[in-house]
Amino acid sequence: MSEDDAAAAAQELEALQAIYGDDAGDAPVRLEIASPSEWRFRLGDDAILEVFVPRDYPSLQAPTPVLHAPRLGDRASALVDQLLELYEGAEVVFAWVELLRQELTAVEEAVAADAEAAAAAEVA
């Protein structure tokens, strides 16, 4: 790991801690640091993004994202591919987390709309 990569990854992790760490209040995303090279983001009640940070991140290699999100079903694999496409040789984890947060919010809204429509149909 070059010193520049190590410094960039450490700065990114510090920024992510400020946004999603224990002091972030009621944030919908929570960061857990398993190790300097393994970061976990809890997105809501049932989704976890594990990020494995390689030694040459961010300059040469993207982190490896592992997404555990049962409610996304088959869409989870496509989302991981989409995350990897965002990497352009610079810090990318914040963009990954925000994209997933937006996707999960959209799924929750769609489920709520379906439930509302089903309830309205039963009443009619």
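This text follows the structure it describes.
Residues numbered from 1 in each chain as written. Predicted model: local features only at pLDDT ≥ 70, side-chain atom pairs only at ≥ 80, totals over all residues. Heavy atoms only, no water.

A. Structural detail: the overall build of the protein. Of the regular secondary structure elements, the protein holds three helices and four strands. Secondary structure elements of the protein occur, N-terminal to C-terminal, as α-β-β-β-β-α-α. If one aligns the C-alpha atoms of the protein with their principal axes, the spans along those axes are about 65 × 30 × 20 Å. The 124 residues of the protein split such that 33% are buried. Long-range pairs, those at least 24 residues apart, make up 43% of the contacts in the protein between residues at least 6 apart in sequence. Here the protein has roughly 7300 Å² of accessible surface; of this, 52% comes from carbon and sulfur atoms. (Helix = DSSP H or I, 4+ residues; strand = E, 2+ residues; numbered from the N terminus. Buried < 20%, exposed > 50% of the residue type's maximum accessible area, 1.4 Å probe, protein only. Contact = heavy atoms within 4.5 Å. Areas by Shrake-Rupley, 256 points an atom, 1.4 Å probe, with all protein chains shown as cover.)

B. Summary view of the packing of aromatic side chains. Enumeration over the complete set of coordinates arrives at two aromatic pairs. A centroid spacing of 5.9 Å and a plane angle of 90 degrees characterise the contact between Tyr 20 and Phe 41, whose relative ring orientation is edge-to-face. With Tyr 20 in helix H1 (residues 3–20) and Phe 41 in strand E2 (residues 38–43), this pair connects stretches of sequence that are 21 residues apart. For the pair Tyr 20 and Phe 41, one class covers both residues: buried. Centre to centre, the rings of Tyr 20 and Phe 94 are 6.3 Å apart; their planes meet at 25 degrees, and the pair counts as stacked. Of this pair, Tyr 20 sits in helix H1 while Phe 94 sits in helix H3 (residues 93–123), and the two are 74 residues apart along the sequence. Classification of Phe 94 by relative accessible area gives partly exposed; the value is 39%. Within the aromatic cluster, the residues linked to one another by ring pairs are Tyr 20, Phe 41 and Phe 94. (Phe/Tyr/Trp six-rings, centres within 6.5 Å; stacked < 30°, edge-to-face > 60°.)

C. The arrangement of the environment of Pro 65 in detail. Examined against the element boundaries, Pro 65 turns out to sit in strand E4 (residues 64–68). Separated by 43 residues in sequence, Pro 65 and Glu 108 have C-alpha atoms that sit 22 Å apart. Non-local contacts of Pro 65, meaning those with residues more than four positions away in its chain, are made with Leu 49, Glu 50, Val 80, Leu 83, Leu 84 and Trp 96.

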